[in-house]
Amino acid sequence: MTGEKKKKIIKSIKIDVDKCNGCRACELVCSAFHAKPKYSSNNPARARIRVISEPLKDIYVPVYAGDYAPAECAGRDKYTIDGKEYDECAFCRASCPSRDEFKEPDSGLPLKCDMCEGEEEPLCVKWCLSDALVLEEREEEVEEEEEQEELETGLEALADKHGLQKILDTIARMSKKE
Ligand code: SF4
Ligand code: SF4
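Notes on the structure in this doc start here.

### Brief notes about the overall build of the protein chain
The number of helices and strands found in the protein chain is four helices and six strands. Taken from the N to the C terminus, the helices and strands of the protein chain come in the order β-α-β-β-β-β-α-β-α-α. Its C-alpha atoms give the protein chain principal-axis dimensions of roughly 55 × 40 × 40 Å. Evaluated residue by residue, the protein chain yields a buried proportion of 31% over its 178 residues.

In structure tokens form, the structure reads like this:
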């Protein structure tokens, strides 16, 4: 690490849980945008945002998918806020081995919010008609860092699950077939 600084745009999405009505339009549009090809299908289980939704307790909390975690934490947290009890790890953003959230439902590969790379505005923000999600941007000086690509994270997750050698053998076998 050279310690070199560079300017980076920090994007944050302010979430107002009092304005969220649990419509889940954000989940729908996110999964459609990330379908291949784009908008060819939608499946909220593939969304990179998840709305914790418990209508009987009047709980609606959008949570964004964060990084892939190869191992689960040694302990789990459980919150009670204003008398409302939330599930174990409810606010955690990790794609973690302890649960199904933020993973491709078919393959188990990690999903991570990319702030809708290439779009002017994140689509979940655009489609939240209740204004529960608001984008904020600011510039910050940060240490130069290498960002891991989605493909790399996916391969890392596969290697954690099956072992690196097995992945390499499979790729070698597949490329022979081509
Ligand atoms: S689109 Fe907005 S109001 Fe609807 S669930 Fe998502 S955050 Fe809540
Ligand atoms: S910013 Fe884009 S990728 Fe992230 S949750 Fe919203 S729609 Fe999905």
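### Comments concerning the pairing of strand β3 (residues 59–64)
Burial of β3 is extensive: six of the six residues sit out of reach of the surface. Across the two faces of β3 the burial is the same, with Ile 59, Val 61 and Val 63 and Tyr 60, Pro 62 and Tyr 64 all buried. Hairpin connection of strand β2 (residues 49–54) to β3: four residues between the antiparallel strands, including Asp 58 at a positive phi of 55 degrees.

### Structural notes on the pattern of salt bridges
Side chains bearing opposite charge may pair, as long as their charged atoms lie close to each other. If you walk through the whole model with that rule in mind, you get 14 salt bridges. Here Arg 48 and Glu 150 are joined by a salt bridge, their closest N and O atoms 2.9 Å apart. Of this pair, Arg 48 sits in the loop between α1 (25–33) and β2 while Glu 150 sits in helix α3 (residues 150–162), placing them 102 residues apart in sequence. What makes Glu 150 partly exposed here is its relative accessible area of 45%. Linked through salt bridges whose partners overlap, the residues forming this network are Arg 46, Glu 104 and Asp 106.

### Some thoughts on the packing of α3 against helix α4 (residues 164–177)
Two numbers describe how α3 lies on α4: the axes approach to 7 Å, and their chain directions differ by 115 degrees. Judged by the inter-axis angle, α3 sits roughly perpendicular to α4. Residue-level contacts link Leu 158, Ala 159 and His 162 of α3 to Leu 164, Lys 166 and Ile 167 of α4. Residue composition of the contact of α3 with α4, by class: four nonpolar, one polar and one charged.

### Examining the site of ligand 1
For ligand 1, the full set of nearby residues is Cys 20, Asn 21, Gly 22, Cys 23, Arg 24, Ala 25, Cys 26, Val 51, Pro 62, Cys 128, Ser 130 and Leu 133. Per-class residue counts for the shell around ligand 1 are eight nonpolar, three polar and one charged.

### What about the packing of aromatic side chains?
Per the counting criterion, the structure on display carries three aromatic pairs. When the ring of Tyr 79 is compared with that of Phe 91, the centres are 5.5 Å apart and the planes differ by 65 degrees; the resulting orientation is edge-to-face. Taken together, the residues Tyr 79 in the loop between β3 and β4 (80–81) and Phe 91 in the loop between β5 (84–85) and α2 (123–127) connect sequence positions 12 residues apart. A residue is classified by how much of its surface remains accessible, and Tyr 79, at 39% relative accessible area, is partly exposed. The rings of Tyr 79, Tyr 86 and Phe 91 are connected pair by pair, giving a single aromatic cluster.

### With respect to the side chain of His 34
Along the polypeptide, His 34 turns up in the loop between α1 and β2. In this structure His 34 comes out as buried when scored by relative accessible area, which is 18%. Among the polar contacts made by the side chain of His 34, one reaches the main-chain carbonyl oxygen of Cys 30 at a distance of 3.0 Å. Filtering out sequence-adjacent residues up to four positions away, His 34 remains in contact with Arg 48 and Asp 114.

About the thresholds
Residues numbered from 1 in each chain as written. Chains lettered and ligands numbered in written order. Predicted model: local features only at pLDDT ≥ 70, side-chain atom pairs only at ≥ 80, totals over all residues. Heavy atoms only, no water. Helix = DSSP H or I, 4+ residues; strand = E, 2+ residues; numbered from the N terminus. Buried < 20%, exposed > 50% of the residue type's maximum accessible area, 1.4 Å probe, protein only. Pairing = 2+ DSSP bridges. Salt bridge = Lys/Arg side-chain N within 4 Å of Asp/Glu carboxyl O. Axes fitted to C-alpha atoms, helices over the stretch in contact; angles between N-to-C directions. Parallel < 35°, antiparallel > 145°, perpendicular 65-115°, else oblique. Contact = heavy atoms within 4.5 Å. Nonpolar A, V, L, I, M, F, W, Y, C, P; charged D, E, K, R; others polar. Near = heavy atom within 4 Å. Phe/Tyr/Trp six-rings, centres within 6.5 Å; stacked < 30°, edge-to-face > 60°. Polar contact = N/O pair within 3.5 Å; in protein donor to acceptor, adjacent residues only side chain to side chain.

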